[in-house]
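If you want the building blocks of each chain, they are given just below.
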Amino acid sequence: MIDHVAEMLRRRPAPRPPRPSRRRGPQRLNSPNGPNGPNGPNRDARRDRNRTVRLAAAWTGGTLSAAILAVSGYGWSVTDAVDAATVRADVFGGLSGRPADSPATDILIVGSDTRRGLSRDTQHTLHVGSQAAADGQRSDTMILAQLAADKKSLTLLSIPRDSYVTIPATADRPEHKAKINSALDLGGPALAVATVERATGIRIDHFVQVDFSAFSSIVDTVGGVDVCLPKPVDDPLSGLNLPAGVSHVDGVRALAFVRARYTLTGGSDLGRIHRQQEFLGSLAQRVAASDVLADPGRFSGVVRAAAASIQTDSALSTEEMLKLALAAKNLPRDRMRFVSMPLADADYQAPGIGSTVLWDSAVASRLFEALRRDHPVQEAVAAVAAEPTANSDTPPPSAEATPPPKKHGQTRTHVAQPTPLAVHAADQSICD
């Protein structure tokens, strides 16, 4: 329905210029040839107004969509404000040797851990520390979001921040192996995109970077989100303090929920990834079930909150953002799927780096191929299940790794910690 109304408005013919009246002398307003008469020069404008009224009347039985706001005068004022607030950069201009284009739309979403621009009070409120304590910026969260070409499904692949990958060469640094989250700090969005493209073979169409304050503001604007914890948590590092079970959290506590590691997962990023996926599913449900898009004031608040603290590629216009957001919003939650990267070792000791995350290249290659072809990720899961003997991958030879650490005079034997390819839909219960 939303797309149908938007298409009707888009195809609305432009008013034709009024034909000059054949009568000379004064005309009565409502006479047949007068300005407001059936044959008068205002008939096209009147017809357009009547058509708009009919469309609006037809739509009042449901919710007012972002598409309607985007084509209205109010919507254009919001668009102008977003254009002024959003930071855009030429992310793709200097890239070379890129993968071939695919039918789907692939967006790299990065949650940056930069504190730049945050006041001391805001840093304290969000429990994110100071810029000096976390100099530079790294990708605290990295998600490859793929909207299918038919706009009927959305896949969100979480990329562990400690993934051990090859970082492409830059003007002042040669190609080298490192954690994937360092690419953003070493070369900004362009290097982050180049690193993901090299590691996956998937061509990135758009780049979106979100900081802490944007995340918190968006959650507050939609009225908070439900989250679930298996046990009570009091984590002073993230500021998370919640009981077991379901809690309704505001922006500050939501940020703590998706960032907490040490109390909930012992410092591991993998448990945090699962929690982030649960939160995104709950957020999608909240937006779909609420009246955010039906309330111009609240819709404007969401858009402005997001725009104030995000950075995108220069090709991602505000209109394109609205279209993508609208397509995602219209999806049934069972067509929004979260994917966890298949791993060969969740604690691989990389030379000169320490503990990293090593992908299962055999299984990951099937996943990336499905995404490149715009095929359902379930096909990759089925292919892996059909060949259980070919699913494993091993870390590089031990000669390339740093010696295992010693404890009390004994050498600790490292045991690989594989993690299988996992896919679940956003309609899954948040307490599952």
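First things first, this report covers the structure right here in the doc. (Residues numbered from 1 in each chain as written. Predicted model: local features only at pLDDT ≥ 70, side-chain atom pairs only at ≥ 80, totals over all residues. Heavy atoms only, no water.)

Thoughts on the environment of Ile159
1) Next: Of note, Ile159 is situated in the loop between strand E4 (154-158) and strand E5 (164-167).
2) Next: Residue classification places Ile159 among the buried residues on the basis of a relative accessible area of 3%.
3) Next: Along the backbone, Ile159 and Ser340 are 181 residues apart, and their C-alpha atoms lie at a distance of 7.5 Å.
4) Next: The residues contacting Ile159, other than those within four sequence positions of it, are Met142, Leu144, Ile180, Val196, Ile273, Met341 and Trp359. (Helix = DSSP H or I, 4+ residues; strand = E, 2+ residues; numbered from the N terminus. Buried < 20%, exposed > 50% of the residue type's maximum accessible area, 1.4 Å probe, protein only. Contact = heavy atoms within 4.5 Å.)

Considering the packing of helix H13 (residues 361-372) against helix H14 (residues 377-386)
1) Next: Here H13 crosses H14 at 150 degrees, and the two axes come no closer than 8 Å. Comparing their axes, H14 and H13 come out roughly antiparallel. Between H13 and H14 the crossing geometry is right-handed. Across the interface between the two elements, Val363, Arg366, Leu367, Ala370 and Leu371 of H13 pack against Val377, Ala380, Ala383 and Val384 of H14.
2) Next: Grouping the amino acids of the contact of H13 with H14 by side-chain chemistry returns eight nonpolar, no polar and one charged. (Axes fitted to C-alpha atoms, helices over the stretch in contact; angles between N-to-C directions. Parallel < 35°, antiparallel > 145°, perpendicular 65-115°, else oblique. Left-handed = near helix turned anticlockwise from the far one by under 90°. Nonpolar A, V, L, I, M, F, W, Y, C, P; charged D, E, K, R; others polar.)

Structural notes on helix H8 (residues 251-259)
1) Next: In terms of residue burial, H8 counts as a mostly covered element, since seven of its nine residues are buried.
2) Next: Among all positions of H8, only Gly251, Ala254, Leu255, Ala256, Phe257, Val258 and Arg259 are buried.

Brief notes about the pairing of strand E15 (residues 354-359)
1) Next: Across the six residues of E15, five count as buried, placing the element largely inside the fold.
2) Next: Direction of pairing for strand E14 (residues 343-350) relative to E15: antiparallel, over a ladder of five bridges. In the sheet register, Tyr348 faces E15, and the bridge partner there is Thr356. (Pairing = 2+ DSSP bridges.)

Describing the nonpolar core
1) Next: In this structure, Leu108, Leu157, Ile159, Met341, Trp359, Leu367 and Phe368 are the most contacted members of the largest nonpolar core, which totals 37 residues.
2) Next: Counting residues per element, the ones that place at least two in this core are strand E2 (105-112), strand E3 (139-147), E5, helix H6 (182-200), E14, E15, H13 and H14. (Core = buried A, V, L, I, M, F, W, Y, C linked by side-chain atoms within 4.5 Å.)

Some remarks on the pattern of salt bridges
1) Next: Inspection of the entire model under this criterion finds seven salt bridges.
2) Next: We note a salt bridge from Lys179 to Asp162, for which the minimum N-O separation is 3.7 Å. Of this pair, Lys179 sits in strand E6 (residues 176-179) while Asp162 sits in the loop between E4 and E5, and the two are 17 residues apart along the sequence.
3) Next: Under the relative-accessibility criterion, Asp162 is labelled buried at 16%.
4) Next: Note that Glu369 is salt-bridged to Arg373, the shortest N-O span being 2.3 Å.
5) Next: Looking at Glu369, the relative accessible area reads 28%, which means it is partly exposed.
6) Next: What you see here is one network of salt bridges that share partners, running through Arg161, Asp162 and Lys179. (Salt bridge = Lys/Arg side-chain N within 4 Å of Asp/Glu carboxyl O.)

Focus: the packing of aromatic side chains
1) Next: Counted by the stated rule, this structure contains two aromatic pairs.
2) Next: Centroid distance Tyr164 to Tyr348: 5.7 Å. Interplanar angle 55 degrees. Geometry classified as tilted. One end of the pair, Tyr164, is in strand E5; the other, Tyr348, is in strand E14, and 184 residues separate them in sequence.
3) Next: Residue class for Tyr348 comes out buried when judged on its relative accessible area of 4%. (Phe/Tyr/Trp six-rings, centres within 6.5 Å; stacked < 30°, edge-to-face > 60°.)

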